[in-house]
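# A structural walkthrough
The chain contents come next:
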Amino acid sequence: MIELAGIIILGILAQWVAWKFKIPAILPLILIGLFVGPIAAEFFNEDGSKWIEPVWNGTKGLFPGNGLFYFVSLAISIILFEGGLTLRKSEISNVGPVITKLITLGSAVTFVISAIFAHYIFNLGWEISMLFSALIIVTGPTVISPILRNIPLKKDVAAVLKWEGILIDPIGALVAVLMFEFISVGGGSGFTKTALLEFGKILLFGFTFGFTFAHALIFVVNRKLVPHYLLNVVALSSVLLVFVLSDLFAHESGLLSVVVMGMVIANSKIHSFDELLYFKESLSVLLISILFILLAANMNISELKLVFNWEALLLFASVVLIIRPLGVFLSTYNSKLKLNEKLFISWVGPRGIVAAGIASLFGTKLMQQGVEGAEYITPLVFMIVLGTVLLNATTARLFAKLVGVFLKESKAIVIIGASEASRLIAKYLIDNDRRVVLLDRNKSYINEARDNGIEAFDVDIFHDSLDENVELNDVGYLIAMTGSDAVNEFAINQFSELYGEQGTFRIATSNEAKLEDNQMNGMLLSCKDDYINLNDSARDYPNMNELVVSSSEDYLNKLKVINDELKSIPLFVKMGENFEVVTNVKAEDIQENNTIVYLGKELDI
């Protein structure tokens, strides 16, 4: 009981450490597992026992007999199903040709070239070499996002790495599952006629069960045949049912079924999809926390020694310095990405949780079947996962500066609220070469913004994790412009440190707009105008206007005229290529040819 509770406690502690220090969770999870497992047995306990013993002598430990095997199988099935839920056709069509090539051509390059290197460096059979190469295709978002979160990058570079990680997870898992099942049915005997027939059987039942049960679950959910409070547990039990049932009809087809099931549901119209995905993500976090401590603890020093040699170092260097760059440069050929951006994408390719988890499961299964070389699968993949995560977590920021993709100053702007006034301001700033992102829960506002060519997202700032969005890494300004004073205050308090490095502003409350003593409040976008005034002016006079000033005195005179006009609202001062909020500008800093930018009625001054 102590060991089981200890695993859960250590797993959640590892997740917290990962969040606190902004590192991938897989790193502390595996290190903790190795420490309480093989390292404790080798260096701390004289009798050679582990502090956490998943299986001991086959019949003892937390999971005696085949208990660990069954638990890992079911846990991986849920994780793969959640991965399948993230793959939507609409997302593939929207991410652009570079990412599409990375998850197709790049994956093919990794699969083929890695297999060749593994075969000749470790003298492994072609089947095991190809399984290894299939497992290291994936670069999951759970390992990339923490690495990129604190590196200011151009949106395009961050988007490529983010979407590659999201989309390649289920694709890589599917390739690995297919490769494993082909080896499994052949028993390591090669590509025989029997193996091909069995493989065909696995494909038939895997796709059939996944497709059929996905549509059955969609029907049940959409017809509201189960109460809302049972929705998530019914979905979970359906995944486990599909996995077990598919395995009964065609051995080893269960994993393929759940991946297909997840993909079908993700690309269908099903009620409460977001809630279902959120539940599966939360469950996956718990399972992953338990799973990786167990898997790492179950390894032995003898397995670790298999990769403690120059051959493993050569294979790792080949993956990082040859295979990943080759896949990236072939996939980005003739794209708009610059050489330094391609180099950075080539450098950042950490392998993730799906690779390590499936490797442990497949390695164990193939060893039980007596497949030659299967003992190398788990330690080799763990070596690639740990090595790439450690390398990228410690060097990505430095490498970004070295190749020149590190943004010295974050100039992009996030505006909370997408009302008409927000859209006018955003459009003006975009036309002046500034990146602006609008966030709002109002879908009609978001759609209008997008129709006007403005980057906008339907986001609930109270619930959505904005800090996980690596595409906002270049944001340095935060402006809160919603109709709720409470929402604006929350946005300032919650996100100013993350997105307001260069400046944080909000619109005045109704009470503040009536005061005379807030003229020097540098946090306000406009001292005398609240949400109603701004949007009334934007509705009656939907324009952003400019007035060039010649001196400090001229600036003060024109600013007074604008302020005296009810439907004109001064917002910015344009100083060369820079914009400063009016409330932050001192008259003595004004120079000739600076420009006052104001919203509303155009004035003839």
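Residues numbered from 1 in each chain as written. Predicted model: local features only at pLDDT ≥ 70, side-chain atom pairs only at ≥ 80, totals over all residues. Heavy atoms only, no water.

With the rule as written, the count across this model stands at 13 aromatic pairs. Taking the centre distance of 5.3 Å and the plane angle of 45° together, the rings of Phe209 and Phe249 count as tilted. With Phe209 in helix α9 (residues 193-222) and Phe249 in helix α10 (residues 231-249), this pair connects stretches of sequence that are 40 residues apart. Residue classification places Phe209 among the buried positions, given a relative accessible area of 10%. (Phe/Tyr/Trp six-rings, centres within 6.5 Å; stacked < 30°, edge-to-face > 60°. Helix = DSSP H or I, 4+ residues; strand = E, 2+ residues; numbered from the N terminus. Buried < 20%, exposed > 50% of the residue type's maximum accessible area, 1.4 Å probe, protein only.)

Below, the discussion takes up the sheet that holds strand β5 (residues 503-506). Pairing within the open sheet is parallel, and its five strands lie in the order β3-β2-β1-β4-β5. This sheet does not close on itself; its edge strands, each paired only once, are β3 (455-458) and β5. Averaged over all neighbouring strand pairs, the angle between strand axes comes to 20°, with direction disregarded. Where strand β1 (residues 412-416) lies against strand β2 (residues 436-440), four bridges are found, and the strand directions are parallel. Bridge pairing in β2 links Ile413 to Val436. On the sheet, helix α18 (residues 420-431) packs against β1 and β2 and is oriented at approximately 160° with respect to β2. Sheet strands touched by helix α19 (residues 443-451): β2 and β3. Its angle to β3, the strand with the most contacts, is close to 160°. (Pairing = 2+ DSSP bridges. Axes fitted to C-alpha atoms, helices over the stretch in contact; angles between N-to-C directions. Contact = heavy atoms within 4.5 Å.)

Counting buried positions over the five residues of β1 gives five, a clear majority of the element. With five bridges joining them, β1 and strand β4 (residues 475-480) adopt parallel strand pairing. Residue pairing in the sheet places Ala412 in a bridge with Val475 of β4. You can see the chain leave β1, run along α18 and come back into β2, and the turn it takes is right-handed. (Right-handed = clockwise from strand over helix to strand, strands pointing away.)

What follows deals with the pattern of salt bridges. Considering all chains together, one arrives at 15 salt bridges under this definition. Here Glu164 and Arg324 are joined by a salt bridge, their closest N and O atoms 2.7 Å apart. Here Arg324 lies in helix α14 (residues 310-331) and Glu164 lies in helix α8 (residues 155-186), a separation of 160 residues in the sequence. Using a relative accessible area of 7% as the deciding quantity, one classes Arg324 as buried. Here Lys558 ties to Asp554 by a salt bridge, and the two come within 3.4 Å at their closest N and O atoms. With a gap of four residues between them, Lys558 and Asp554 both fall in helix α23 (residues 552-564), about one helical turn apart. Looking at Lys558, the relative accessible area reads 13%, which means it is buried. Given a relative accessible area of 17%, Asp554 falls into the buried group. Within the structure, one salt-bridge network assembled from shared partners comprises Asp536, Arg539, Asp540 and Lys567. (Salt bridge = Lys/Arg side-chain N within 4 Å of Asp/Glu carboxyl O.)

So, on to the sheet that holds strand β9 (residues 595-600). With antiparallel pairing, the four strands of this open sheet are ordered in space as β6-β9-β7-β8. Where the open sheet ends on each side, the last strands, each with one partner, are β6 (544-548) and β8 (578-581). Sheet twist, expressed as the mean angle between neighbouring strand axes with direction ignored, is 35°. Judged from the six bridges that link them, strand β7 (residues 568-575) and β9 form a sheet pairing that is antiparallel. The residue of β9 that forms the bridge with Lys574 is Thr595. Contacts between α23 and the sheet are confined to β6, β7 and β9, with β7 contributing the most and set at about 150° to the helix.

Okay, unusual backbone geometry next. Of note in this structure, Asn123 is not a glycine but carries a positive phi near 60°. Mapped onto the elements of the fold, Asn123 is located in the loop between α5 (97-122) and α6 (126-135). For Asn123, a relative accessible area of 67% gives the class exposed. Despite not being glycine, Lys224 has its phi angle at roughly 55°, a positive value. Within the secondary structure layout, Lys224 lies in the loop between α9 and α10.

Along the polypeptide, Glu512 turns up in helix α21 (residues 510-513). A distance of 2.9 Å separates polar atoms of two side chains, one belonging to Glu512 and the other to Arg506. (Polar contact = N/O pair within 3.5 Å; in protein donor to acceptor, adjacent residues only side chain to side chain.)

Angle between the axes and distance between the axes are the two parameters that describe a pair of packed helices. At a minimum axis distance of 8 Å, the contact between α14 and helix α15 (residues 339-347) shows a crossing angle of 130°. For the element pair α14 / α15, the angle class is oblique. In the crossing of α14 with α15, the sense of the turn from one axis to the other is right-handed. Contacts from Val320, Leu321, Arg324, Pro325, Val328 and Phe329 of α14 reach α15 at Leu339, Lys342, Leu343, Ile345, Ser346 and Trp347. (Parallel < 35°, antiparallel > 145°, perpendicular 65-115°, else oblique. Left-handed = near helix turned anticlockwise from the far one by under 90°.)

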